[in-house]
Amino acid sequence: MDTESTYSGYSYYSGRSRGSHRHGERIRDHHKSRSKDGSRSEKSVTINAPPAEPLLGDSSVLGEEVQDDNWGETTTAVTGTSEHSLSQEDIVRITKDLEDSVGLDCRRYFSLTLAVVLGLLVFLTPLAFLALPHLLWPDKLLVCGTACEGLFISVAFKLLILLLAVWALFFRAPRASLPRVFVFRALLAVLVLLFVVSYWLFYGVRILDSQDENYQGIVQYAVSLVDALLFIHYLAIVLLELRQLQPAFSVCVTRSTDGETRHYNLGQLSIQRAALVIIENYYRDFSVHNPALLTASKSRAAKHLAGLKVYNVDGEFPASPATGPENNAATGLAHSQSRAMIAAAARRRDTSHNELYYEEAEHERRVRKRKARLVVAVEEAFTHIKRMQEEEQKKAPGDVMDPREAAQAIFPSMARSLQKYLRTTRQQHCHSMESIQQHLAFCITNNMTPKAFLESYLTPGPTLQYGRERWLARQWTLVSEASVTSGLKEGAIFLLKCIDFSLVVTAKRIPYIQLSEEFIDPKSHKFVLRLQSETSV
Amino acid sequence: MSFIPGQPVTAVVLHFQLSCALQQRIEICKLRQGEHLILGFSIGGGIDQDPGQNPFSEDKSDKGIYVTRVTPGGPAEVAGLMMGDKVMQVNGWDMTMVTHDQARKRLTKKNEDIVRLLVTRKSLEQAVRHSMM
């Protein structure tokens, strides 16, 4: 699952000016571009079918008049478009991806070529060290003895292990693309390059120029190079993988729209990598973002504002063009107006809290009523289906259905109550009829009870549970005052913006814990009875 | 007694029985019921009991013997024993540092028909204190 965040121009230029090899990121971007090409062809036929209409299709079957008391609640408008229509969002998204991909392609290929070149250089250097003496001064070389040939095997296996290890650490498909270069990988690449260059220098000066005859020494030199490369790889493992595992910070992630909060423990990471971990956990832990649930508070806010109006009876116009003293008067006027509004609003005796209380109680009651009807309808629907045993299969071959047909057969009896429940809890746009039938077929196939089938509709699940169009995986932006490649610090705050909401992240260091011990002798556990007797005399 | 010059002095007349330091002597004649001699009250407390559960004691570490119940119409009520009294002596034997069982034995000796108790009462102390102020 890739995430792409938009990058600012600043980061692009800063990356270039470093002059270092960003092969890690290039690899990730390259793989991402390949996978994106595959998914882009899917996007052109995305169907965003309006959800309300299809669920009403069964009403004619039941024959009673459809007087849906919530018809005013449906907010989606059915446009008369064909199946292959694209919504405005899709178009914007596709053009954005095109722009991004054209801009980043050069970057990705550049980094990929650098990485491959560095890898080849590193891999072929020991082999070159071993082969060059044989090519340049074969007659002067001493014969390679047993110990020397044993070292050949050692070089071969170590190179094989190095090849596998480098592939495992650096060349696998990336799971995200981050805005800035991965600092540790760049540093490691520079270190490896310097290392190999210095070995070549030494080899060129002391061995090639002087045409050293001691071949065993040359082979040992090549083995030492491979050993040192393996140690650098060990350093890479510690820096890239192990350092972040030990928890050092506790981050608090809050969603800005409804305040849902979670806490995670992270190791020592840079801000962009911490953001990546948090986004991956967001998809698993946070319930799906439902903008329909926020309309109530917005309408209340609007009512608060609409209650008071300020009229200016002194004849001064605060919107007049600004000259020095007049401007001050205008701002002073605006300040006093707002203060007057706040004071008046505080004094006003409004009953909106009363309305809120009764409205919430009424809503709760309605939800419970609909839920009860839904549960009964689904349980009854499930009783019409029975799994056929093997022996019966041979006896009665007629009217046998596969799970999909069985789901379609029992779906109409529960469709209306399910639709009404989803409308009451404002979840109707999260589930399309197709997805509900698929889920029903899935539950039937796996012998799940009606309660298990309903669970995904009664409680809003994590974002990954819903269709891909809700994931918005390419829309994340990292907003941070500190540089995103700097590490997490105590009190670091940054934002992860998506289209409709943002996640506010604060980091705190996990406290230093001092644990002391106390020894309890097992023989010290002694007890007495508490007596209080009363005797009659 | 507080003496304020110029003001009349209040004097308290103490009853004869109260003359000995906030304690009361009670004489109970045992009543024969069947083959038992009963006194008509129940005791609680003792050095082997938990003093914290005593509802009548002021000091919750007091392990003395307390009267927890007085049978209405029994010999103890007739003699003037009240619930919550702390029994200090029985027939001259000290009851402030005895176990529950020892206290029971001292009260139910078969060869005694009369027991003379020395009891302390909270209300008694308070009454005397108030009248002296």
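Residues numbered from 1 in each chain as written. Chains lettered and ligands numbered in written order. Predicted model: local features only at pLDDT ≥ 70, side-chain atom pairs only at ≥ 80, totals over all residues. Heavy atoms only, no water.

## A word on the overall build of chain B
Right, on to step 1. In terms of regular secondary structure, chain B is built from 3 helices and 8 strands.
Right, on to step 2. Split into buried and exposed, the 133 residues of chain B put 39% on the buried side.
Right, on to step 3. Excluding contacts between residues fewer than 6 apart, the proportion of contacts in chain B whose partners are at least 24 apart in sequence is 63%.
Right, on to step 4. Taken as a whole, chain B presents about 8,200 Å² of accessible surface, with 57% of it coming from carbon and sulfur. (Helix = DSSP H or I, 4+ residues; strand = E, 2+ residues; numbered from the N terminus. Buried < 20%, exposed > 50% of the residue type's maximum accessible area, 1.4 Å probe, protein only. Contact = heavy atoms within 4.5 Å. Areas by Shrake-Rupley, 256 points an atom, 1.4 Å probe, with all protein chains shown as cover.)

## What to know about the pattern of salt bridges
Right, on to step 1. A complete count under the given rule lists 14 salt bridges over all chains for this structure.
Right, on to step 2. The salt bridge involving Asp227(A) is made with Lys158(A); its shortest N-O contact spans 2.6 Å. With Asp227(A) in helix 7 (residues 215–242) and Lys158(A) in helix 5 (residues 146–170), the pair connects residues that are 69 residues apart, well separated along the chain.
Right, on to step 3. Residue classification places Lys158(A) among the partly exposed residues on the basis of a relative accessible area of 23%.
Right, on to step 4. Its salt-bridge partner being Asp101(B), residue Arg104(B) comes within 3.1 Å of it at the nearest N-O pair. (Salt bridge = Lys/Arg side-chain N within 4 Å of Asp/Glu carboxyl O.)

## Regarding unusual backbone geometry
All names here are of chain A.
Right, on to step 1. The phi torsion at Gln211 lies on the positive side, around 50°, for a residue other than glycine.
Right, on to step 2. Located in the positive-phi region is Arg426, a residue other than glycine, with phi close to 60°.
Right, on to step 3. Mapped onto the fold, Arg426 is located in the loop between helix 13 (403–424) and helix 14 (433–445).

## Considering the UniProt feature "transmembrane region" (unreviewed entry) in chain A
Right, on to step 1. The feature "transmembrane region" (unreviewed entry), as given by UniProt, occupies residues 109–131, 151–170, 182–203 and 218–240 of chain A in the numbering adopted here.
Right, on to step 2. The span residues 218–240 of chain A carries 100% helix and 0% strand; its end-to-end C-alpha distance comes to 33 Å. (UniProt positions renumbered as here; feature names shortened; annotations may be inferred.)

## Quick notes on the environment of Ser154(A)
All names here are of chain A.
Right, on to step 1. Residue placement: Ser154 occurs in helix 5.
Right, on to step 2. Judged by relative accessible area, Ser154 falls into the partly exposed class, the value being 21%.
Right, on to step 3. Through-space distance from the C-alpha of Ser154 to that of Val223 is 7.6 Å; in sequence the pair is 69 residues apart.

## What about the state of the cysteines?
Residues and elements named next belong to chain A.
Right, on to step 1. Per the counting criterion, the structure on display carries 1 disulfide over all chains.
Right, on to step 2. The disulfide bridge from Cys144 ends at Cys148, spanning 2.0 Å between sulfur atoms. Here the S-S torsion is close to -90°, and the disulfide linking Cys144 with Cys148 is therefore left-handed. With respect to burial, Cys144 and Cys148 carry one shared label: buried. (Disulfide = S-S within 2.5 Å.)

## Examining the interface of chain A and chain B
Right, on to step 1. Taken residue by residue, the interface counts 8 residues in chain A and 19 residues in chain B.
Right, on to step 2. Both faces considered, chain A and chain B share a buried interface measuring about 1,200 Å² in area, 44% of it formed by carbon and sulfur atoms.
Right, on to step 3. Broken down residue by residue, the surface that chain A buries against chain B is led by Gln532(A), Thr535(A) and Val537(A), which jointly contribute 56%.
Right, on to step 4. Taken together, chain A and chain B are joined by 1 salt bridge.
Right, on to step 5. Among the ionic pairs, Glu534(A) bridges to Arg69(B), the shortest N-O distance being 3.7 Å. (Buried area = accessible area lost by both parts, 1.4 Å probe.)

## Quick notes on the sheet that holds strand 3 (residues 477–480) of chain A
All names here are of chain A.
Right, on to step 1. Reading across the sheet, the 5 strands line up as 2-1-5-4-3 and stay open at both edges, with antiparallel pairing between neighbours. Bordering the open sheet on either side are strand 2 (261–266) and strand 3, each of which pairs with just one other strand. Taking the axes of each pair of neighbouring strands and ignoring which way they run, one obtains an average angle of 25° across the sheet.
Right, on to step 2. Sheet topology note: the strand 1 (residues 249–255)/strand 2 ladder contains 6 bridges and is antiparallel. Each bridged residue has a counterpart across the sheet, and for Val251 the counterpart in strand 2 is Tyr264. (Pairing = 2+ DSSP bridges. Axes fitted to C-alpha atoms, helices over the stretch in contact; angles between N-to-C directions.)

## Thoughts on the nonpolar core
Residue and element names in this part refer to chain A.
Right, on to step 1. Within the largest apolar cluster, 34 residues are counted, with the highest numbers of intra-cluster contacts made by Phe129, Phe195, Tyr199, Tyr215, Val219 and Leu229.
Right, on to step 2. Counting residues per element, the ones that place at least two in this core are helix 4 (88–136), helix 5, helix 6 (183–208) and helix 7.
Right, on to step 3. In this structure, Phe286, Val484, Leu496 and Cys498 belong to the second largest nonpolar core, which totals 30 residues. (Core = buried A, V, L, I, M, F, W, Y, C linked by side-chain atoms within 4.5 Å.)

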